[in-house]
Amino acid sequence: MAVTTPARPRDDGYRADPSVLTALRSPRLLTREVLAGLVVALALIPEAISFSIIAGVDPRVGLFSSFVMAVAIAFVGGRPAMISAATGAIALVVAPIAREYGLDYLIATVILAGLIQVLLGVLGVARLMRFIPRSVMVGFVNSLAILIFSAQLPHLIGVPWLVYPLVAVGIVILVLMPRITKAIPAPLVAIVLLTGAVVVFSVSVPTVGDQGELPRSLPELFIPNVPITWETLTIIGPFALAMAVVGLLESLMTAKLVDDITDTRSRKSREAWGQGVANVLSGLFGGMGGCAMIGQTMINVKASGARTRISTFLAGVFLLILVVVLGDVVAIIPMAALVAVMVMVSVATFDWHSIRPSTLRRMPKSETIVMVATVAVVVATHNLAIGVIVGVIVAMVLFARRVAHFATVTREDAPDDQVPTAHYRVDGELFFASSNDLTTQFDYAGDPERVVIDMSRSHIWDASTVAALDAIVTKYEKHGTRVVLEGMNEATTEFHTRLSGRLGDGV
């Protein structure tokens, strides 16, 4: 008896599992979400300060941006439990305009980038995610892990020797704690215990407070003081477009990664325009904008087990409370505790299976090349978006090169024909890569006065193939040979008829 599998629900039929209401009704789930949000907030503080320094702005700009982004995306985002805040990728994009034109132009750029993201989201740009192959995704994940780990190195080089045992103890706690209980997130336990040890024993090590001054007031509405002119648009436009594309690509890739980890679906189109709304709000409150934060998202989803929007919302709320109300307490947290958390996140994020010798032997070389290219570009540029774009391009080139060899031409003589005829059969998919050599597969001088080309086992996909067929016909006509194309399917016939003879001289 055949079993019918129901079709997967469409994007508009999406339902979160567990839902916010389910988590609110369950003390166990709610506790997990609250503690996860607290851990993420603690991890966000030094990151936001660091990214503010990269962008060349005051630390409060990055911290306020992280607060607004996290709270906003909790309501308008399409991927529950994903964390959005100020990021290094965005900081690198906007740093030049902040350095050359100042804070007002930076905020105007962030707002324009948000509007562009809303437009791209409404236009359905998120659907392009289907064209990102698995090998690029693996490269994205592995390069992400490398970047997270490498970002911790400055906190491990040229520091007091006591930092190293603290980091080691933190890693041991993070490894052993989940085996004892998962009721309390291991990162939170590590941060609390290490902070307590540093305070009790008066250990002098770098702390969160050493990273920059924490704000003492709430964010306020900020309207950028820039002239609304064409010149202003030419200044901020390129940076805004770059920020919008980089932010969307990184956010959508992160959403896909969380989908895979949690075995759930997210609404990518909603996430796209939601990122735009969050960036507009971030700019209006004096923030530097941002996108999905992969490291903090992994802390939230993988290390802490969060699954709903509650954790994302509370991460933003706790961040504001911690820096404004409890700034003095947060300032004494040793960086060693946060480094230990991020090191374990990088280890858990890396796809170790992808580099096993047995996997590399089984995997096609082209897949491995794509993964390595993605990793290499990301590590070299410190930009996940550029790495993904390069990886997709490499995958496309290698795929086209591989598929190009699938098209074949076979010649058959038909002695029973009343008129001497040469029969050719074309097999395979015909597009620019496979049709370039098509013209070399025929014997123009040696064939009889009639040639039949059977296209029943092939399909024309682009104008390059039509031009190649026109060239074949033209070459035969120069030798007084009549060519008959037969067996084309309906789509191929329509496409060929529309373009044949209208692409040049065909030679």
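Source: prediction; values computed, not measured.

(A) Main features of the layout of surface pockets. The space that makes up the largest pocket amounts to roughly 720 Å³. Every residue lining the largest pocket is counted, 32 residues in all, and those nearest its centre are E47, F51, G88, L147 and A151. Elements that contribute at least two residues to the lining of the largest pocket include exactly α2 (27-55), α4 (88-101), α6 (134-150), α11 (294-303) and α14 (335-349). Ranked by residue count, the leading element in the lining of the largest pocket is α2, at six residues. A class-by-class count of the residues in the lining of the largest pocket yields 19 nonpolar, eleven polar and two charged.

(B) Inspection of the environment of F239 at higher detail. Along the chain, the position of F239 falls in helix α9 (residues 230-262). Between the C-alpha atom of F239 and that of V94, which follows or precedes it by 145 residues, the distance is 6.5 Å. F239 has contacts with V93, P96, I97 and T109, leaving out every residue within four places of it along the chain.

(C) Examining the pattern of salt bridges more closely. Across all of its chains, the model carries seven salt bridges by this definition. The closest approach of N and O atoms between R79 and D259, which form a salt bridge, is 2.6 Å. Of the two residues, R79 sits in the loop between α3 (59-76) and β1 (84-85) while D259 sits in helix α9, which places them 180 residues apart along the sequence. Considered together, R79 and D259 belong to a single accessibility category, that of buried residues. Here D427 ties to R425 by a salt bridge, and the two come within 3.1 Å at their closest N and O atoms. Residue D427 is classed as buried on the basis of its relative accessible area, which comes to 16%. By sharing partners, the salt bridges in this structure join R79, D259 and K268 into a single network.

(D) Summary view of the side chain of T297. Relative to the elements of secondary structure, T297 occurs in helix α11. Here M293 takes part through its backbone oxygen, which lies 2.5 Å from a polar atom of the side chain of T297. T297 has contacts with A81, M82, I83, T254, V258 and K302, leaving out every residue within four places of it along the chain.

(E) Region of the structure containing the packing of aromatic side chains. Counted according to the given criterion, the structure contains eight aromatic pairs. A ring pair is formed by F75 and F313, whose centres lie 5.6 Å apart and whose planes are at 80°; its orientation type is edge-to-face. Pair noted here: F75 is in helix α3 and F313 is in helix α12 (residues 309-324), with a separation of 238 residues, a long-range link. When its relative accessible area of 30% is taken as the criterion, F313 is described as partly exposed. Pairwise contacts between aromatic rings join Y424, F442, Y444 and Y476 into one cluster. Lying across the ring of Y444, K475 places its NZ or CZ 5.9 Å from the centre.

Cut-offs applied
- Residues numbered from 1 in each chain as written.
- Predicted model: local features only at pLDDT ≥ 70, side-chain atom pairs only at ≥ 80, totals over all residues.
- Heavy atoms only, no water.
- 1 Å grid on protein atoms, 1.4 Å probe; cavity = no way out; pocket = protein on both sides within 12 Å on 5 of 7 lines; lining within 4 Å.
- Points joined across faces, edges and corners; volume = space filled by probe spheres on them.
- Helix = DSSP H or I, 4+ residues; strand = E, 2+ residues; numbered from the N terminus.
- Nonpolar A, V, L, I, M, F, W, Y, C, P; charged D, E, K, R; others polar.
- Contact = heavy atoms within 4.5 Å.
- Salt bridge = Lys/Arg side-chain N within 4 Å of Asp/Glu carboxyl O.
- Buried < 20%, exposed > 50% of the residue type's maximum accessible area, 1.4 Å probe, protein only.
- Polar contact = N/O pair within 3.5 Å; in protein donor to acceptor, adjacent residues only side chain to side chain.
- Phe/Tyr/Trp six-rings, centres within 6.5 Å; stacked < 30°, edge-to-face > 60°.
- Lys NZ or Arg CZ within 6 Å of the ring centre and 35° of its normal.

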